[in-house]
Amino acid sequence: MIDLVIPDKAHDESRQGEALVLDPVVGKNNGRKLYIESYGCAMNFSDSEIVASILSEQGFETTSDYTSADVIFINTCSIRENAETRVRNRLKEFKAAKTSRPGMVVGVLGCMAERLKAKFLEEEKLVDVVVGPDAYRDLPNLIDQVDSGQKAVNVLLSREETYADISPVRLNSNGINAFVSIMRGCDNMCSFCVVPFTRGRERSRDPFSIVQEATDLFNSGYREVTLLGQNVDSYKWQNDDESQKVNFANLLERVALINPELRIRFSTSHPKDITDEVLYTMAKYDNICKYIHLPVQSGNTRVLDLMNRTYTRDWYINRIDAIRRIMPDCAISTDIITGFCTETDEEHKETVSMMEYVQYDFAYMFMYSERPGTLAAKRYADDIPEPVKAARLTEIVALQQKYSLVRLQAQIGKVQRVLIEGFSKKSKNDYAGRTDQNAMMVFPVDERFKPGMYVNVIAERSTSATLMGHIID
Ligand code: SAH
Ligand code: SF4
Ligand code: F3S
């Protein structure tokens, strides 16, 4: 399997398997250590912060060393088969640790837990507890149950749970960028996708708690928030007497008004729902970053119909044209699946021509992976041979590399406002930060400026993933 992933905070699956560490909670220590590892999308990483918060209330301290942990949690993803395989392999590695530390609790959280439910306990003997994404408040009870010698499962999905009142413990944080979850679940039922089954019905978090969380983050020094949802454009909240209604454009505006120095990003937008109102709100506020992740999946209308994406090629092009008209400088990225059921060469060529039309700044590209229980698995044969899926993927990966380079090179000679996020991965002599359009910029350290500050940087060179430049006053 070749899944291409280009680094980007909200979608970066290369972060998969990262150990998340939080500082010990003083005064409440129960003497037990928690190790938590996250896979999958930004929502899962954000959920791990909620889990850490719930358990830190119980006095758990976190550790980055699973061999010394009392509780190991693995927060899992089911989106493609290889995501699940990775988790199964990791569980094998935990086996030795558990054998040498009797009493250690091993828990599976997240989407795979929800998909497989109690079956997990039969399939993976070392697992003690299985917890779905809406049941994290129950974790202290479930751990108690395991302590008393039983296995424990809670995979109830909820129509209301948004964890709105839980203030997440920021894990592995640079103190500058944070995720803020604005909704949970998904009602879209794209035929290839397991998310509606693992995350349940769509629900929006109340806007006051969102604005409060973003304000608190700003006040503690954070300078960028990414609002998270599977389909942020369908964010919808109203109070009990319906006198107040808030849609995504309204929410963006409320968060933008917190402070002009707080940058706002969001993910993911759905082509069927992204409105001109959202685009005009983005254009109106300088602190809403000019970057939209707009997954196309396929450039062919028949395939889009089989995928149940509920838009056509023409509709998608109309949305791209609206973005270009309202925000000519806006960066656009996408997700593409190759080799979906019955996709012909001609139809694949329409995906290629869509890429040529849009010239995406980034793309996340995958071979179709059939997921049990989805509409596509029930209705259509997974009939495109793996080598064909792979050849189509290789073709679009090469094309995207070309456009990523073209898009970055168009920035050369221009001055960009960059939020310094820290030192570059390669050298302590360089800072790294992202431009408004989400391009990574690397530039020599200037002692007058520190991480968390904005600087103007002129772009001088680029690779297909990074701009290089220097600060100008
Ligand atoms: N909510 C987002 C996407 C969530 S999943 C949206 O609607 O766009 C992230 C990406 O994984 C999807 O956009 C899709 O490109 C890919 N994906 C989802 N299910 C897949 C499957 N069964 N096989 C291959 N790729 C898949
Ligand atoms: Fe999956 Fe579609 Fe929902 Fe995205 S919008 S999470 S692809 S069902
Ligand atoms: Fe995210 Fe994977 Fe679940 S992409 S919603 S963790 S299936």
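Residues numbered from 1 in each chain as written. Chains lettered and ligands numbered in written order. Predicted model: local features only at pLDDT ≥ 70, side-chain atom pairs only at ≥ 80, totals over all residues. Heavy atoms only, no water.

- As recorded by an unreviewed UniProt entry, the chain carries the name tRNA-2-methylthio-N(6)-dimethylallyladenosine synthase and is attributed to Mucilaginibacter antarcticus.
- In UniProt, the chain has this text filed under Subunit (unreviewed entry): "Monomer." (UniProt positions renumbered as here; feature names shortened; annotations may be inferred.)

**Concerning the pattern of salt bridges**
Stage number 1. Scanning all chains against the criterion turns up 39 salt bridges.
Stage number 2. With a closest N to O distance of 2.8 Å, Glu124 and Arg88 form a salt bridge. Residue Glu124 is found in the loop between α4 (119–123) and β6 (129–131), and its partner Arg88 is found in helix α2 (residues 81–100); the two are separated by 36 residues along the sequence.
Stage number 3. Owing to a relative accessible area of 14%, Glu124 belongs among the buried residues under this scheme.
Stage number 4. One salt bridge in this structure joins Asp134 and Arg203, with 3.0 Å as the shortest N-O distance. Placement of Asp134 in the loop between β6 and α5 (139–147) and of Arg203 in strand β10 (residues 203–204) is noted, with a sequence separation of 69 residues between them. The residues Asp134 and Arg203 share a single accessibility class, namely buried. (Salt bridge = Lys/Arg side-chain N within 4 Å of Asp/Glu carboxyl O. Helix = DSSP H or I, 4+ residues; strand = E, 2+ residues; numbered from the N terminus. Buried < 20%, exposed > 50% of the residue type's maximum accessible area, 1.4 Å probe, protein only.)

**Focus: the sheet that holds strand β8 (residues 177–181)**
Stage number 1. The strand order across the open sheet built from three strands is β8-β11-β14, with neighbouring strands paired in parallel fashion. Each edge of the sheet is formed by a strand with only one pairing partner; in this case those strands are β8 and β14 (263–267). Averaged over all pairs of adjacent strands, the angle between their axes in this sheet comes to 25°, without regard to strand direction. (Pairing = 2+ DSSP bridges. Axes fitted to C-alpha atoms, helices over the stretch in contact; angles between N-to-C directions.)

**Regarding the environment of Asp187**
Stage number 1. Assignment of secondary structure puts Asp187 in the loop between β9 (183–184) and α6 (195–199).
Stage number 2. For the pair Asp187 and Ser234, spaced 47 residues apart in the sequence, the C-alpha separation amounts to 9.7 Å.
Stage number 3. Apart from residues lying up to four places away in sequence, Asp187 is in contact with Arg201 and Glu202.
Stage number 4. Here Arg201 takes part through its side chain, which lies 2.9 Å from a polar atom of the side chain of Asp187.
Stage number 5. Within the structure, the side chain of Asp187 is placed 2.9 Å from the backbone nitrogen of Glu202, a separation counted as a polar contact. (Contact = heavy atoms within 4.5 Å. Polar contact = N/O pair within 3.5 Å; in protein donor to acceptor, adjacent residues only side chain to side chain.)

**Focus on the side chain of Ser191**
Stage number 1. Residue position: Ser191 is located in the loop between β9 and α6.
Stage number 2. On the basis of relative accessible area, Ser191 is assigned to the buried category, the value being 0%.
Stage number 3. Setting aside residues no more than four positions away along its own chain, Ser191 makes contact with Leu306, Met307, Asn308, Phe340, Thr374, Leu375, Ala376 and Tyr380.

**Regarding the UniProt feature "binding site: [4Fe-4S] cluster 1" (unreviewed entry) in the chain**
Stage number 1. UniProt tags Cys41, Cys77 and Cys111 as "binding site: [4Fe-4S] cluster 1" (unreviewed entry). A maximum C-alpha distance of 10.5 Å is found for the annotated residues, which run over 71 residues; spatially they form one tight group. Set against the largest cavity, the annotated residues named above that line it are Cys41, Cys77 and Cys111.
Stage number 2. Locating Cys77 in the fold gives a position in the loop between β4 (71–76) and α2.
Stage number 3. Under the relative-accessibility criterion, Cys77 is labelled buried at 8%.
Stage number 4. Dropping the residues within four chain positions of it, Cys77 is found in contact with Tyr39, Gly40, Asn44, Ala83, Glu84, Cys111 and Met112. (1 Å grid on protein atoms, 1.4 Å probe; cavity = no way out; pocket = protein on both sides within 12 Å on 5 of 7 lines; lining within 4 Å.)

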